[in-house]
Amino acid sequence: MKVIVAGAGTGGLVAAERLGKLGFEVTVYEKAVSLDEMRYDWHDDVNPAVFKRLGMEVPAGSFPKKNWTFVSPHDAVIRGMTEDESAADVSVDRRTLNKMLVERAAATADVVFGAEVQAPLVDDGKVVGVVVNGEEKRADLVVDSLGVDSILRKNLPAEFGVSQNNDDEVFVVWRAFMEKDKTAPEPKYTNKAYLKHMGEAGISWVIQDHDPDLVDVLVGRVGALSEGTLAAALADLKKSNPTIGDKVVKGGIVCRIPVRFPATRMIAPGYAAVGDSAFMTIPMLGSGIASSMTAGMLLAETVGDSISRGRKASEEMFGAAALWRYQLKVYREFGAEHCGVDAMKRGVLVMENEDLDWMLGSDLLTNDEMCRLAKGKLLRVGVGEAFRKLRVAGFRKLGKLLSVNNLLQRSLLAWRRGKNIPRVYHDATIRGWERRLSRVCRK
């Protein structure tokens, strides 16, 4: 049987390697002309546990992430956090990681560069292949690893019900590694994250890079990032971060990243989405490498389970009912928590700037809670901690505290609804679950 992986994303490459080991004829089609031309010539944060789980070494040159310092919308409040280095994520060079994953996939699959996937092929109610560089390529399963703007997902028949994103669920990001101005004094804080930077819906950051000659600069906004917004944001960042030079050494490109709860329908007959195609990034951060790689593993694991149960026909392994078990694993593993984090993120984005100033400037959030937020984890506040927060807030701030509490409760409700994903594939039941989950996340 044939499997096509559309796009050499991290999740797609993991799926390709593992499906190839199961004995399938796997082909990965990637539009970049070579491994060196694949995007993202920088490093990104990854939970190191995923490498151990996948039987991989942490990529060479990786280093522990430094502690974040959070800056409120108009630089009114600066709040740091302290995390033990043993618990920190590691920053991984994307080109090094890509090389590792491509080499592993190439051991069991064909990886074809310069091959642009342009459309899905659908026949008799199922996906039966893709169009690549104008040619039809048929397969029993198509794995969509094309990213948030996947041409496959967008062109599937509406009756499949595969999730599509709204404009305000995409983070438009400019990221560059700037030459460091070494004549400027060394800053007090090495990793600064600007929440609702300049009062706008999004974040920016300035990181004194691991490379002493560079400064890592990011400007991101929800929905759109105009040239004017980018220029104003960079000028504002340079005022308080004089180490930022004028020359772009690496990066300097605009990317689109999903920042929403995972797809409530990421499968269809003959089709499964992984990574950004299924909105698997942590909604608060836009980081999705670990979850994408995990999803690639879970997809192959699901297919392997079907084989072990004696299912050998294509429709038994790659029909909607069989592939739903893959989505069930995703939601139980990390998807439900991402739903809760998404509800929390949406609440923060509409929070009044002065309320965010107050929340960061007070002792309302403990260091451990700040560390959890920095990793995009859900906050669960017990009774004792709730009373402590009430004492911190005081009765004059009771309204603000109740607003924060409502945000946290909505976040927990989204998590519970994500956890309540139907165990078996039944269209009407799934549609009801989708409506209930979307209602609380998009409130």
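**Q** Would you explain the overall build of the protein chain in this entry?
**A** Regarding its fold elements, the protein chain presents 13 helices and 19 strands. In terms of C-alpha radius of gyration, the protein chain reaches 22 Å, essentially the compact-globule figure of 22 Å for 443 residues. For the protein chain, the C-alpha atoms occupy an extent of roughly 65 × 50 × 40 Å along the three principal directions. Scored against the burial criterion, the 443 residues of the protein chain give a buried share of 54%. The long-range fraction of contacts in the protein chain, counting pairs at least 24 apart against all pairs at least 6 apart in sequence, stands at 73%. Total accessible area computed for the protein chain in this model is approximately 19000 Å², and 51% of it derives from carbon and sulfur atoms. Each charge sign in the protein chain was given a centre, from 62 positive and 58 negative side chains, and these centres are 7 Å apart.

**Q** Where do I start with the environment of alanine 107 in this structure?
**A** Structurally, alanine 107 can be placed in the loop between α3 (94–106) and β8 (110–113). A residue is classified by how much of its surface remains accessible, and alanine 107, at 66% relative accessible area, is exposed. C-alpha of alanine 107 to C-alpha of glutamate 17: the two residues are 90 residues apart in sequence and 7.3 Å apart in space.

**Q** Teacher, can you tell me more about a positive patch on the surface here?
**A** The grouping of Arg332, Arg380, Lys419 and Arg423 at the surface amounts to a positive patch. With respect to the helices, strands and loops of the structure, arginine 380 is situated in the loop between α10 (367–374) and α11 (383–393). Residue arginine 380 is classed as partly exposed on the basis of its relative accessible area, which comes to 46%.

**Q** Please explain helix α5 (residues 227–240) as it appears in this structure.
**A** Each full turn of the α-helix corresponds to 3.6 residues, which orients residues three or four apart in the same direction. Between its terminal C-alpha atoms α5 stretches 21 Å, which fits the 20 Å expected from 14 residues at 1.5 Å a residue. Close packing links the buried residues of α5 with β13 (170–180), β14 (191–195), β15 (202–208), β16 (214–222) and β17 (244–258).

**Q** Would you take a moment to explain the packing of helix α8 (residues 320–349) against helix α13 (residues 427–441) for this structure?
**A** The packing of two helices is summarised by the inter-axis angle and the distance between the axes. Running from N to C, α8 and α13 point in directions that differ by 20 degrees, and their axes come no closer than 10 Å. In terms of axis orientation, α8 runs roughly parallel to α13. Mapping the contact onto sequence places Trp324, Gln327, Tyr331, Cys339, Asp342 and Arg346 in α8 and Ile430, Trp433, Leu437 and Cys441 in α13. Within the contact of α8 with α13, the residues separate by chemical class into seven nonpolar, one polar and two charged.

**Q** Please clarify how unusual backbone geometry should be interpreted in this entry.
**A** Residues other than glycine predominantly adopt negative phi, and peptide bonds predominantly adopt the trans conformation. A positive phi angle is found at lysine 196, which is not glycine, with a value near 45 degrees. Relative to the helices and strands, lysine 196 resides in the loop between β14 and β15. Despite not being glycine, methionine 198 has its phi angle at roughly 60 degrees, a positive value. With relative accessibility at 27%, the residue methionine 198 sits in the partly exposed group.

**Q** So what exactly am I meant to see when it comes to the pattern of salt bridges here?
**A** Pairing between side chains of opposite charge can happen when the charged atoms of each approach one another. According to the stated counting rule, one finds 26 salt bridges in the structure shown. Between lysine 180 and glutamate 186 there is a salt bridge, with its nearest N and O atoms 3.1 Å apart. The salt bridge partner of aspartate 342 is arginine 346, with a shortest N-O separation of 2.9 Å. Taken together, the positions of aspartate 342 and arginine 346, both in helix α8 and four residues apart, correspond to about one turn of that helix. Sharing partners across several salt bridges, the network here consists of Glu169, Arg260, Asp342, Lys345, Arg346 and Arg442.

Calculation notes
Residues numbered from 1 in each chain as written. Predicted model: local features only at pLDDT ≥ 70, side-chain atom pairs only at ≥ 80, totals over all residues. Heavy atoms only, no water. Helix = DSSP H or I, 4+ residues; strand = E, 2+ residues; numbered from the N terminus. Rg over C-alpha atoms; globule rule 2.2 N^0.38 Å. Buried < 20%, exposed > 50% of the residue type's maximum accessible area, 1.4 Å probe, protein only. Contact = heavy atoms within 4.5 Å. Areas by Shrake-Rupley, 256 points an atom, 1.4 Å probe, with all protein chains shown as cover. Lys, Arg positive; Asp, Glu negative; His and termini not counted. Charge placed at Lys NZ, Arg CZ, Asp CG, Glu CD. Patch = residues over 30% accessible without salt bridge, like charges linked within 9 Å, V, L, I, M, F, W, Y side chains within 5 Å. Salt bridge = Lys/Arg side-chain N within 4 Å of Asp/Glu carboxyl O. Expected span 1.5 Å × (residues − 1). Axes fitted to C-alpha atoms, helices over the stretch in contact; angles between N-to-C directions. Parallel < 35°, antiparallel > 145°, perpendicular 65-115°, else oblique. Nonpolar A, V, L, I, M, F, W, Y, C, P; charged D, E, K, R; others polar.

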